[in-house]
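# Observations on the three-dimensional arrangement
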Amino acid sequence: MRITRAGRRISGAALALLLVPFVATAQQEGDVDLGLRAVEVLQSYLRIDTSNPPGNEAEAAAFLARHLQEAGIPYEIFESAPGRANLYARLKGDGSRGGAIILLHHMDVVPVDPLSWNVDPFSGVVLNEFIYGRGALDSKAYGAVQLVTFMALHEAGLPLGRDVILLATADEEAGGRLGAGYVVKNRPDLLEGAEFVLTEGGSASEIGGRQVHFVEVSQKMPLWLRLRVTGPSGHAAKPLRDSAVNRLVRALERIRIYRGEIKLVPAVAEALRARAGYIVDPAVAEAFRNIETSIGDPAFLAALAEEIEPLLRNTISITVLNGAPNTNIISTEASADLDCRLLPGEDPGRFIATLTDVIDDPGIEIEPLLVTDATESRPGTPLWRALEATARARDPEAVLVPNVIPGFTDSHYFRELGLVAYGWTPFLSSPREGPAHGADERMLVTNVERGPAILLDLLERLAVSREAVGGVR
Ligand SMILES: [Zn+2]
């Protein structure tokens with residue numbers, strides 16, 4: 001099918017909206033056809049169940065590839081395990097603007113509890129102003145927008161000054177080892193000449209009448225551990241003090257009450273200070289400006305515990321538990337999984353050593369399931385400036401704020417290779433959207449409609465050769 005960039009059509013309704021600052025519509029953005037196309041692609045994309053486990057990204061990759069095929073863009077699909085596919089395509093540039101930019105999203109989604117949904121989570125249904133479906137926010141909408149924009153860039157035929165890569169990966173929700181992790185380890189050829197990565201992890205909203213874009217530049221580092229312990233077997237009618245389960249429970253209780261020390265690492269300090277300018281309450285803003293001293297104030301920490309404490313400590317969540325298969329059996333084995341999140345710059349080995357001291361039981365084995373390195377991308381790059389210019393074209397007062405997130409995305413795999421990766425999307429979040437990973441996950445249709453025009457604008461600023469845009473960007 002044809003993807004056309006429509007002209008700047010401004011309807012009467014949109015003109016009325018122009019009087020309200022910062023309410024951009026698809027019409028205002030001009031690329032009506034692209035916006036509608038993105039909505040259509042997203043609806044079909046949401047109907048493919050890529051719940052991970054098992055993932056089944058092969059079907060999603062084939063779906064995205066069909067569009068590339070029709071647009072005449074070569075692509076490659078490669079499996080990291082049966083049914084676990086990744087998709088790659090590259091538009092070639094002459095390199096005059098720099099290295100390639102990768103548009104990255106993950107095709108897998110977290111599983112659903114269908115009973116807690118009010119709509120079919122795999123229907124892609126549009127109701128009122130929203131598109132519903134597992135993955136609407138995380139991250140199939142971004143995937144649909146990236147695909148449509150990538151095809152539009154190809155169709156526009158503008159000479160590119162750098163390569164633009166489309167990369168759709170598997171397994172992000174389970175740590176990415178079969179997706180982005182697989183690509184960096186086994187297919188470095190696909191990343192040749194790459195400089196930038198754009199993916200999920202950023203957010204933008206209107207604060208105090210202007211757009212504030214929180215661009216993710218760093219994140220906490222997942223360290224997933226399995227504790228294992230063995231012990232004597234027996235009949236549950238005769239309790240054993242030192243059974244495997246009892247020892248595990250004792251270790252877990254020590255972990256439950258353990259709190260790592262408060263630490264302010266440089267990336268977090270910078271991000272929290274930058275937030276100060278966009279906090280309405282002057283006292284709270286002042287506290288953020290002086291974050292070094294504020295973290296010593298228990299009242300400040302208590303008030304903001306949920307929001308910022310994960311950025312100030314290494315954290316541990318006890319998640320999976322395994323013991324006997326039956327109520328009346330004393331199991332010889334017990335295990336528990338811990339989801340630990342370390343601050344940027346922390347040493348996983350040292351953290352495991354601390355945990356070993358906390359557990360204080362040499363019988364408990366600690367097996368790492370996922371170890372990553374948290375690294376940081378600095379603001380101020382050509383990609384940063386292009387993002388800023390793109391935002392300011394829509395709101396002259398818009399600002400970009402470097403942010404550190406407590407969760408993680410696939411960005412760290414690319415940062416470890418030295419690429420600059422930013423968490424940024426073309427969407428303006430609304431509190432009525434959401435929740436990612438929750439029931440009735442939904443995105444505003446207007447966000448999806450506007451997405452391609454904004455992303456295309458960014459790519460024109462960043463990747464189209466200077467001659468083609470008159471050297472103004
Ligand atoms: Zn995600």
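Residues numbered from 1 in each chain as written. Predicted model: local features only at pLDDT ≥ 70, side-chain atom pairs only at ≥ 80, totals over all residues. Heavy atoms only, no water.

Here we come to the pattern of salt bridges. Tallied over the entire structure, the rule returns 26 salt bridges. The salt bridge involving Arg378 is made with Glu376; its shortest N-O contact spans 2.7 Å. Take Glu376: its relative accessible area is 36%, and that puts it in the partly exposed class. Each member of the salt-bridge network shares a partner with another, and the members are Glu57, Arg84 and Asp171. (Salt bridge = Lys/Arg side-chain N within 4 Å of Asp/Glu carboxyl O. Buried < 20%, exposed > 50% of the residue type's maximum accessible area, 1.4 Å probe, protein only.)

Right, let's talk about the side chain of Arg442 for a bit. With respect to the element layout, Arg442 can be found in strand β18 (residues 442-444). Put simply, Arg442 is tucked away with no salt bridge, and the nearest opposite charge, on Asp440, sits 5.3 Å away. From its side chain, Arg442 meets the backbone oxygen of Arg432 in a polar contact 3.1 Å long. Those residues in contact with Arg442, other than ones at most four positions away along the chain, are Phe130, Ile131, Tyr132, Ala136, Leu137, Arg432, Glu433, Gly434 and Pro435. (Helix = DSSP H or I, 4+ residues; strand = E, 2+ residues; numbered from the N terminus. Lys, Arg positive; Asp, Glu negative; His and termini not counted. Polar contact = N/O pair within 3.5 Å; in protein donor to acceptor, adjacent residues only side chain to side chain. Contact = heavy atoms within 4.5 Å.)

Let us now look at the packing of aromatic side chains. Counted according to the given criterion, the structure contains seven aromatic pairs. Its guanidinium or amino end placed over the ring of Phe78, Arg187 lies 5.1 Å from that ring's centre, counting from NZ or CZ. (Phe/Tyr/Trp six-rings, centres within 6.5 Å; stacked < 30°, edge-to-face > 60°. Lys NZ or Arg CZ within 6 Å of the ring centre and 35° of its normal.)

What follows concerns the sheet that holds strand β4 (residues 126-127). Reading across from one edge, β4-β5-β18 is the order of the three strands in this open sheet, with antiparallel pairing throughout. Every other strand in the sheet has two partners, leaving β4 and β18 as the edge strands with one partner each. Bridge count between strand β5 (residues 130-132) and β18: three bridges; the pairing is antiparallel. Residue pairing in the sheet places Ile131 in a bridge with Met443 of β18. Relative to β18, helix α15 (residues 445-463) is tilted by about 65°, and along the sheet it contacts β4, β5 and β18. (Pairing = 2+ DSSP bridges. Axes fitted to C-alpha atoms, helices over the stretch in contact; angles between N-to-C directions.)

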